[in-house]
Amino acid sequence: AISHVSKLKGKDLGKRLAAELPKLPAAPQALLVAAMGDLGDPAVLAVITKTASSDNAAVRLASIRAIGKIGEAGSAKLLCDIAAGGKSAGEQQAAVNSLHGLKGDKVNATIAAAMKAAPSEAKPRLIEALVIRKAADAIDDLIGETKGPDPRVRVTALRALGWIAQPADLKKLVPLAVKPADDSARSAAELAIVQVARKISDQEARSDIPLAALKTASDNPTKCSMLRVLGALGGKKAFESVAPAIKDSSSDVQDAAVKALASWPSSRGLDPLMNVVKTTSNAKHRVLALRGCVRILALGDCTVERTLASYRELIKVAKTPADTKLILS
């Protein structure tokens, strides 16, 4: 009988089904709630909202899922409350899933407000809902969460920004890497900057804001952070700032520059890395540069002639069996 409910047609069908719902035992009530959700009649929203607080777990779960199908902007607060403090992990996740497709102009604002007020352990669930909804209007709220006391929330918010922030938001994201709460937040901020910058179609323009931050940086951690970002973005302008940093007076900046070139997305990073392999006395830099050379040669970005010539040079300067194995591989 339940399987036919969503196919029924008739006047006031939703109201008639809603009137029968309280008369049923818990098990068929849960089934009917699910079917009413599939029916898609907004007239049943009030009664299903009421059953979301049922004493029966199956009825509550079915109601939460149904609200996601027929709910409106006014349902967002209830779903946020359940996502933050539902009676079980299943109900909490069901509420998050129902928020994903909820229609209404103020839904994102409601989720953002609930996120701010939620306990730390619940914030990531509400952040997930904002990500799935691609809530670009919640960027400032997410940035606020990156400065909170809980490290897990900070990193989750930064990852969310990587997904939903747009190039116009880059100037807001760079400071999150420049003055992070801790190393994990710095790494997550760098990744977010790279993700958002890659949404710019012009590769050379992607590095403009990180480059500006690098040029004005007064401390080595900031320089290292922007070098890592530029290494992931690539481009001619970025290369012209990263390559000279190999000879910086700071060993930390040197490390960051070598790592950036070793991860360069094109063959432009090959020559300075080859030079490091041949000339450096720093064993760490030599290993990084060698691995970077082999990785770049595998990109297929060089001509066959240059690739073979580069391998010949690397074989000649290989110092250990591990070096040789890496090159031969």
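In short, a report on the structure. Keep in mind that what you see is a predicted model, and the values were worked out from it rather than measured.

Quick notes on the packing of aromatic side chains
And step 1. A complete count under the given rule lists 1 aromatic pair for this structure.
And step 2. Look at Phe239 and Trp264: their rings are 5.8 Å apart centre to centre, the planes differ by 75°, and that puts the pair in the edge-to-face class. Separated by 25 residues along the polypeptide, Phe239 in helix H17 (residues 236–242) and Trp264 in the loop between helix H18 (251–262) and helix H19 (270–279) bring together distant segments of the chain.
And step 3. The buried category is assigned to Phe239, whose relative accessible area is 17%.

A short note on the environment of Lys247
And step 1. For Lys247, the location among the structural elements is in the loop between H17 and H18.
And step 2. The sequence separation of Lys247 and Val258 amounts to 11 residues, and the corresponding C-alpha distance is 9.9 Å.

Focus on unusual backbone geometry
And step 1. Backbone geometry at Asp12 places phi at a positive 55°, although glycine is not the residue there.
And step 2. Along the chain, Asp12 falls in the loop between helix H1 (2–5) and helix H2 (13–20).
And step 3. A positive phi angle is found at Lys134, which is not glycine, with a value near 55°.
And step 4. For Lys134, the position within the fold is in the loop between helix H9 (123–132) and helix H10 (139–145).

Cut-offs used in this document
Residues numbered from 1 in each chain as written. Predicted model: local features only at pLDDT ≥ 70, side-chain atom pairs only at ≥ 80, totals over all residues. Heavy atoms only, no water. Phe/Tyr/Trp six-rings, centres within 6.5 Å; stacked < 30°, edge-to-face > 60°. Helix = DSSP H or I, 4+ residues; strand = E, 2+ residues; numbered from the N terminus. Buried < 20%, exposed > 50% of the residue type's maximum accessible area, 1.4 Å probe, protein only.

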